[in-house]
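Commentary on secondary and tertiary structure
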Amino acid sequence: MDFSEVIGQEEVKQRLLQMEQEARLPHAIMLTGPVGSGKMALAIAFASHLLLKNANSKVMLDKLQHPDLHFTYPTIKLPSMGSDHKPVSDDFSREWHEMLMQGPYFSMEQWLEAMGGENQQAIITAGESDSLVKKLSMKSSQGGYKVSVIWQPERMNIECANKLLKLIEEPPQQTLFIMACNEPERILETIRSRVQRIDVKRIGSDSIRAALIERRGLSDDMATRVARLANGSWLKAMEELQANGENEVFLNLFKSLMRLAYQRDIRGLKRWSETLSAFGREKQKRFLTYFMRMIRESFMYNFGENELMYMTHEEELFTANFARFVNEVNVIEICDLANLAIRDISQNANGKIVFFDFALKMIVLVLKGK
C-alpha cells in the first residue's frame, strides 16, 4: 500500500518523507495517537515507500509479502498450543495477512475475533522478541532497509520489552523500527527515550467526509453527519455505517441503565451488569467510552449549543428527555465513576462486580441530578 490509502494526516506524511529526504531517519520511530487515527496505515505506507525498489518489490508490497517487511503484533495462546509454547506473530500470520489485505484500519477487537480469542487479553511475548532478533539478523534480501512494524508495542510483557530494548539500542545495519502505539505511557521509559515520537492527531472531519464520499459512495449530507460523529476516527466512521453496529447496542444499554437507575430497580440493574460482564474486556471498555460520550452530549444539550453536539437522531431523541438529569451537580462524579470502571476492567477485575457496583452507584448519581 502507499500513502494514497492513508486518510488525511498530510502533516505526518510530509514529516516522514522529509526525514528520509534529508537523511535524518532515526532507527526507531513511534507513531502515537488516538484509536482510528491511522497510525498503522501510516506505518505500512512509509515502510512500503522505503522498501519500494522496482516493479518486483511493488508486487510484493501490494500483497504485503515483502521479505524485508516484518510485522509484530499481540497474540493469544490457543488451547492447541503446548504448555511451554510462547505465542509469536508467525503463529497467526495467515489471519494477520487476511486482515491487513482488507485495509490498514482495524481494532484490537477485530484482531481478537480473527484469532478466535474475543475474551482473551492479547500480548506480545518474549518469544516474539527472540523471533524478531533472528529475522533482523539476516541480510536484507533486496539490499536496502529491513523494516520492523510493531503494532501496539504497549502490549509487550516485561521480558519482551527488555529484549526489544537491547535490539533498539544496537539495531542491525539498515534496520528501521516503526511502532504504532495507542498508549505510549505503558511502554518502558528506556524504550520511549530511544525512539523518535511522532504524534498523530485525530483525522480532520473534512478528510473523513471526503473519504466517505469517495470510498463508500455516501451523499454529501450523510458523509458530513457521519464525519461529525466519527470524531476523528475512521474506525468510528465505519461503525456508524453498520446498520446493526455497536452504537445501537450501546445506546440501548445506556438507556436501560439510566431508566433502571432512576427506578431504583436493583434486580434489573443486576441483570444489566451480567449482560455487560458477558462482553469481552475490549468491548466493555468501548461501552464505557461510549457512556462517557453520551454523558458529555447530555450535559451539552442543556446549553442548547447544537454545533457542539455530536449525536445520531436516535441518541438525540433520548437525550431530549434525559439531559436534565446530567448537570453541574453530578457530571464530574459520573465521568469519574466511568473512568474508574475502565481502569478496573483494564486491570482484569471481575466484570460482574465492576458493572454491578457501577450500576448501583448510578442510582445515587442520577437521582442527585434530579
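The structure displayed is predicted, hence computed values, not measured ones.

**Notes on the packing of helix α6 (residues 126–137) against helix α7 (residues 158–169)**
Two elements in contact, α6 and α7, have axes separated by 7 Å at closest approach and are oriented at 20°. Judged by the inter-axis angle, α6 sits roughly parallel to α7. At the point where α6 passes α7, the crossing takes the left-handed sense. Facing α6, whose interface residues are A126, S129, D130, L132, V133 and L136, α7 presents E159, C160, K163, L164 and L167. Looking at side-chain class alone, the contact of α6 with α7 contains seven nonpolar, one polar and three charged residues.

**Here's the deal with the packing of aromatic side chains**
The tally for this structure, following the rule as stated, stands at 23 aromatic pairs. Where F287 meets F291, the ring centres are 6.5 Å apart and the plane angle is 50°; that geometry is what we call tilted. Here F287 and its partner F291 are both found in helix α14 (residues 281–301), four residues apart, which amounts to about one turn of the helix. Residue classification places F287 among the buried positions, given a relative accessible area of 0%. Using a relative accessible area of 0% as the deciding quantity, one classes F291 as buried. Judged by centre distance (5.3 Å) and plane angle (20°), the ring pair of F318 and F322 falls under stacked. Here F318 pairs with F322, and both are found in helix α15 (residues 313–322), just four residues apart, close to one helical turn. For F322, a relative accessible area of 7% puts it in the buried group. Through a chain of ring-to-ring contacts, three or more aromatic side chains come together here, namely F250, F254, Y262, W272, F287, Y290, F291, F318, F322, F325, F355 and F358. In this structure, K283 is placed above the aromatic ring of F279, and the distance from its NZ or CZ to the ring centre is 4.3 Å.

**Digging into the packing of helix α4 (residues 93–101) against helix α5 (residues 108–115)**
Closest axis-to-axis distance for the α4/α5 pair is 9 Å, and the angle between their directions is 135°. By the angle class used here, α4 and α5 are oblique. The way α4 lies across α5 gives a crossing that is right-handed. Taken together, the residues of α5 that come into contact with α4 (itself represented by E95, W96 and M99) are Q110, W111 and A114. Grouping the amino acids of the contact of α4 with α5 by side-chain chemistry returns four nonpolar, one polar and one charged.

**Section: unusual backbone geometry**
Backbone geometry follows two general trends: most residues other than glycine have a negative phi, and most peptide bonds adopt the trans configuration. One non-glycine residue, R264, adopts positive backbone phi at about 55°. Mapped onto the elements, R264 comes out in the loop between α12 (246–263) and α13 (266–277). Look at R264 and you get exposed, because its relative accessible area is 58%. Even without glycine at this site, N348 takes up a positive phi of about 65°. With respect to the helices, strands and loops of the structure, N348 is situated in the loop between α16 (331–346) and α17 (351–368). What makes N348 partly exposed here is its relative accessible area of 46%.

**Observations concerning the state of the cysteines**
With the rule as written, the count across this model stands at zero disulfides. In this structure C160 is a free cysteine whose sulfur lies 13 Å from that of C181, the closest cysteine sulfur available. Under the relative-accessibility criterion, C160 is labelled buried at 3%.

**Some points on the pattern of salt bridges**
Overall, the coordinates contain 24 salt bridges when judged by the stated rule. One salt bridge in this structure joins E22 and R24, with 2.6 Å as the shortest N-O distance. E22 gets classed as partly exposed once you look at its relative accessible area, which sits at 40%. One salt bridge in this structure joins K368 and E333, with 2.4 Å as the shortest N-O distance. Highlighted residues: K368 in helix α17 and E333 in helix α16, separated in sequence by 35 residues. Classification of K368 by relative accessible area gives partly exposed; the value is 40%. One connected set of salt bridges, linked through shared partners, spans K86, D130, E159 and K163.

Rules used in this analysis
For every chain, the first residue of the written sequence is number 1, and numbering continues from 1 onward in sequence order. Two thresholds apply to this predicted model, a pLDDT of at least 70 for residue-level local features and 80 or more for giving and counting side-chain atom pairs, whereas whole-chain, interface and lining totals are computed over all residues. Side-chain measures here rest on the full set of heavy atoms in the structure, leaving out hydrogens and waters. In this description, a line fitted to the C-alpha atoms serves as the axis of each element, helices being fitted only across the stretch in contact, and the angle between N-to-C directions of two axes falls anywhere from 0 to 180 degrees. Helix numbering and strand numbering both begin at the N terminus, where a helix is a DSSP run of H or I of at least 4 residues and a strand a DSSP run of E of at least 2. When describing relative orientation, an angle under 35 degrees is termed roughly parallel and one over 145 degrees roughly antiparallel, while 65 to 115 degrees is termed roughly perpendicular and anything else oblique. Helix crossings fall into two classes, left-handed where the near helix is turned counterclockwise from the far one by less than a right angle and right-handed where it is turned clockwise. In what follows, residue pairs with any heavy atoms lying within 4.5 Å of each other are defined as contacts. Under the convention adopted here, Pro, Cys and the residues Ala, Val, Leu, Ile, Met, Phe, Trp and Tyr are nonpolar, Asp, Glu, Lys and Arg are charged, and Gly plus all remaining residues are polar. Pairs were defined over the aromatic rings of Phe, Tyr and Trp, the Trp ring being its six-membered one, requiring ring centres within 6.5 Å. Orientation was assigned from the angle between planes: stacked under 30 degrees, edge-to-face over 60, tilted for the rest. We call a residue buried when its accessible area falls under 20% of the maximum for its residue type, exposed when it is over 50%, and partly exposed in between, using a 1.4 Å probe and counting protein chains only. Criterion for a charge above a ring: Arg CZ or Lys NZ at most 6 Å from the ring centre, at most 35 degrees from the ring normal. Pairs of cysteine sulfur atoms within 2.5 Å are what we label disulfides. The salt bridge criterion pairs a side-chain nitrogen of Lys or Arg with a carboxyl oxygen of Asp or Glu, the two atoms within 4 Å.

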